[in-house]
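Each chain, written out:
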Amino acid sequence: MRKQIAAANWKMNLTLQQGEALLDGIISKPHSLKENQQAVFAVPFPYLAMAQAKLAGKQNVFVAAQNCYSKKSGAYTGEVSVEMLQSLGIQYVVLGHSERREYFHESNQLLADKVNICLEFKMLPIFCCGEPLAIREANTQNEYVAKQLEESLYHLSPDQVQQIVIAYEPIWAIGTGKTASSDQAQEMHAFIRSQLAGKYGVAIADSISILYGGSVKAANAVEIFSQPDVDGGLVGGAALLVDEFVAIINALK
Ligand code: 13P
């Protein structure tokens, strides 16, 4: 069975003390993660060590970085390498979030390089894709997302692509309170899976987890996650609230 993942993306929110309190709150609440389920916390770089220490030994719980640089090491002031993350014991990195694509001009090609360096260091990318509103309104979202996948992932070997988690985040649903309907999410997730199947075969496509992101909250998580091709969520705002995120973890199938 595919991994089902509730991933929190804190973005650039919370002080260290608030982050500690949030994690303490979440781990103190009853939540059960079955063997195929994971909770992942993508926290800001300065909090990675804190989160890693707090969550150490918790079964099926992982810490993620929100980004990394595409080069191994060197004179890149202000950047963070995958090797640094690996040395902290981090296992996941969010790549290509729409905010990074928009504000920091990350291209599909740069993301292909980031994917490569992550895999070289055995770091698992949570690769984000998704279309802006104008593309959805023009009904060309399939072509748009297919190109993102093709240009950043399709150079990978079958073994490598199975290390990737995909997060479909329609930009018009991020932080807007506007969620894609569960049908819209399922439709795009099935499309992404069919594209992967076309390139890598059905067995591999069926093994890749595809998360939905965009205004996921406790009130809609069960319905969205129950869709057959939706394998959990990448959650922003609602992941900053203890009860909301615990309920989202518990909504995993
Ligand atoms: P919201 O859940 O706040 O809409 O953010 C989604 C997101 O961007 C997660 O990466």
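Residues numbered from 1 in each chain as written. Predicted model: local features only at pLDDT ≥ 70, side-chain atom pairs only at ≥ 80, totals over all residues. Heavy atoms only, no water.

Sorry if this is basic, but what is going on with the sheet that holds strand β8 (residues 232-235) here?
Strand order in the closed barrel formed by eight strands is β1-β2-β3-β4-β5-β6-β7-β8, and the pairing between neighbours is parallel. For this sheet, the mean inter-axis angle between neighbouring strands, taken without regard to orientation, is 25°. The pairing of strand β3 (residues 61-65) with strand β4 (residues 92-95) spans two bridges and is classified as parallel. Paired with alanine 64 across the strands is tyrosine 92, a residue of β4. Helix-sheet contacts for helix α7 (residues 141-153) involve β5 (124-129) and β6 (165-168), and the interaxial angle to β5 is about 150°. (Pairing = 2+ DSSP bridges. Helix = DSSP H or I, 4+ residues; strand = E, 2+ residues; numbered from the N terminus. Axes fitted to C-alpha atoms, helices over the stretch in contact; angles between N-to-C directions. Contact = heavy atoms within 4.5 Å.)

How should I be thinking about the state of the cysteines in this particular structure?
What makes a disulfide is a covalent bond joining the sulfur atoms belonging to two cysteines. Summed over all chains, the structure comprises zero disulfides. Looking at cysteine 68, it has no disulfide partner, and the nearest cysteine sulfur is the one in cysteine 118, 3.8 Å off. A relative accessible area of 0% places cysteine 118 in the buried class. (Disulfide = S-S within 2.5 Å. Buried < 20%, exposed > 50% of the residue type's maximum accessible area, 1.4 Å probe, protein only.)

Help me understand the site of the ligand in this model?
Near the ligand lie 13 residues; those nearest to it are Lys11, His97, Gly175, Ser215 and Gly237. Taking glycine 237, its main chain carries an N or O atom lying 2.8 Å from an oxygen atom of the ligand. Looking at side-chain class alone, the shell around the ligand contains four nonpolar, seven polar and two charged residues. (Near = heavy atom within 4 Å. Polar contact = N/O pair within 3.5 Å; in protein donor to acceptor, adjacent residues only side chain to side chain. Nonpolar A, V, L, I, M, F, W, Y, C, P; charged D, E, K, R; others polar.)

I keep staring at helix α12 (residues 242-250) and nothing clicks. Help me out?
It helps to recall that an α-helix has 3.6 residues per turn; residues three or four apart then point in one direction. When we look at burial in α12, the residues that qualify are Phe245, Val246, Ile248 and Ile249. Down the axis, α12 shows its buried residues gathered within 160° of arc, on one side only. Along its buried surface, α12 packs onto β1 (4-9), α1 (16-28), β2 (37-42), α11 (218-225) and β8. (Arc of directions from axis to C-beta.)

Can you walk me through the pairing of β3 in this structure?
Walk down a regular strand and you will see the side chains alternate between the two sheet faces. Across the five residues that make up β3, a large majority, five, are buried. Side chains Val61, Val63 and Ala65 of β3 all project onto a buried face; the interleaved residues Phe62 and Ala64 project onto the opposite face, where all are buried too. Relative to β3, β2 runs parallel, the two being bridged by four bridges. Across the sheet, valine 40 pairs through a bridge with phenylalanine 62, a residue of β3. Between the parallel pair β2 and β3, the chain is carried across by helix α2 (residues 48-54), and the sense of this crossover is right-handed. Handedness of the β3-helix α3 (residues 82-87)-β4 crossover: right-handed. (Right-handed = clockwise from strand over helix to strand, strands pointing away.)

Help me understand the packing of α11 against α12 in this model?
Each packed pair of helices is defined by two parameters, the angle between the axes and the distance between the axes. Interhelical geometry of α11 versus α12 gives an angle of 15° and a closest axis separation of 9 Å. By the angle class used here, α11 and α12 are roughly parallel. Of the two elements, α11 crosses α12, and the hand of that crossing is right-handed. From α11, Ala218, Ala221 and Phe225 reach across to α12, where they touch Glu244, Ala247 and Ile248. Looking at side-chain class alone, the contact of α11 with α12 contains five nonpolar, no polar and one charged residues. (Parallel < 35°, antiparallel > 145°, perpendicular 65-115°, else oblique. Left-handed = near helix turned anticlockwise from the far one by under 90°.)

In this structure, what is going on with the side chain of histidine 189? I would like to understand it.
Looking at the secondary structure, you find histidine 189 in helix α9 (residues 182-200). Judged by its relative accessible area of 0%, histidine 189 is buried.

Would you mind showing me how to read the packing of α7 against α9 here?
Following both chains from N to C, one finds α7 and α9 inclined at 45°, their axes separated by 11 Å at the closest point. Relative to α9, α7 is oriented oblique. Crossing of α7 over α9 shows right-handed handedness. For the pair α7 and α9, contact is made by Gln141, Asn142, Val145, Ala146, Leu149 and Leu153 and by Met188, Phe191, Ile192, Gln195 and Tyr200, respectively. The class makeup of the residues in the contact of α7 with α9 is eight nonpolar, three polar and no charged.

Whenever I open this one, the environment of cysteine 68 confuses me. Can you help?
Considering the arrangement of structural elements, one finds cysteine 68 in the loop between β3 and α3. Judged by relative accessible area, which is 1%, cysteine 68 ranks as buried. Each C-alpha atom of the pair cysteine 68 and glutamate 99 lies 14 Å from the other, and the pair is 31 residues apart in sequence. When neighbours within four sequence positions are excluded, cysteine 68 is seen to be in contact with Phe45, Val80, Val82, Leu85, Val93, Leu95, Lys114 and Cys118.

Hey, could you run me through the nonpolar core in this one?
When a protein is soluble and globular, its nonpolar side chains tend to lie buried together. Of all hydrophobic cores here, the largest spans 71 residues; its most connected members are Phe41, Ile166, Ile192 and Phe245. Discounting residues that sit within four places of it in the chain, phenylalanine 41 has contacts with Ala8, Trp10, Leu23, Ile26, Leu55, Val61, Phe62, Val63, Ala64 and Phe245. Of all hydrophobic cores here, the second largest spans 15 residues; its members include Ala42, Ala64, Val94 and Leu124. (Core = buried A, V, L, I, M, F, W, Y, C linked by side-chain atoms within 4.5 Å.)

Interpretation in functional terms is not warranted from these geometric data alone.
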